Amino acid sequence: MRNLGTIDVALDEMLVNLAAIVLRLSTPELTRTPEARRALAQSVHQYAVCAKRSSDPRVHELKSQLEGTLKPSLRIVAINGVKVS
């Protein structure tokens, strides 16, 4: 049973490292094309599936950050009908 704990910790560390890689690849400069956005969405989904069973809070925080990269960024373009630059 002690080995299971060691494996669990190792998997959590791998998930933390994987999330860091995906976060670096999620920048708008790298995800401009529809194919890149789909690849990012698939990576985030696969990460979320793996993270679901983790008890490490870092893994769950990174999952939330990764899911946030899929949400479109909103910006204000007008206030009371006046265009904002």
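Anyway, here's the lowdown on the structure attached to this text. These numbers come from a predicted model, not from an experiment.

Rules and cut-offs
Residues numbered from 1 in each chain as written. Predicted model: local features only at pLDDT ≥ 70, side-chain atom pairs only at ≥ 80, totals over all residues. Heavy atoms only, no water. Salt bridge = Lys/Arg side-chain N within 4 Å of Asp/Glu carboxyl O. Helix = DSSP H or I, 4+ residues; strand = E, 2+ residues; numbered from the N terminus. Buried < 20%, exposed > 50% of the residue type's maximum accessible area, 1.4 Å probe, protein only. Axes fitted to C-alpha atoms, helices over the stretch in contact; angles between N-to-C directions. Parallel < 35°, antiparallel > 145°, perpendicular 65-115°, else oblique. Left-handed = near helix turned anticlockwise from the far one by under 90°. Contact = heavy atoms within 4.5 Å.

**Description of the pattern of salt bridges**
Inspection of every chain in the model, using the stated rule, returns four salt bridges. With a closest N to O distance of 3.9 Å, arginine 38 and glutamate 35 form a salt bridge. Of this pair, arginine 38 and glutamate 35 are both found in helix 2 (residues 34–51), three residues apart, which corresponds to roughly one turn of the helix. Here arginine 38 matches glutamate 35 in class, with each residue exposed. Two residues, aspartate 56 and arginine 58, come together in a salt bridge whose shortest N-O distance is 2.7 Å. The partly exposed category is assigned to arginine 58, whose relative accessible area is 35%. Counted as one network, the salt bridges with shared partners bring together Glu13, Asp56 and Arg58.

**A look at the packing of helix 1 (residues 2–25) against helix 3 (residues 57–68)**
Contact geometry of helix 1 with helix 3 gives a least axis separation of 9 Å together with a crossing angle of 20 degrees. In terms of orientation, helix 1 and helix 3 fall into the roughly parallel class. As helix 1 packs across helix 3, the resulting crossing turns out to be left-handed. Note on element contacts: helix 3 touches helix 1 through Arg58, Val59, Leu62, Gln65 and Leu66, opposite Asp12, Glu13, Leu15, Val16, Ala19, Val22 and Leu23.

Nothing here speaks to function; it is geometry throughout.
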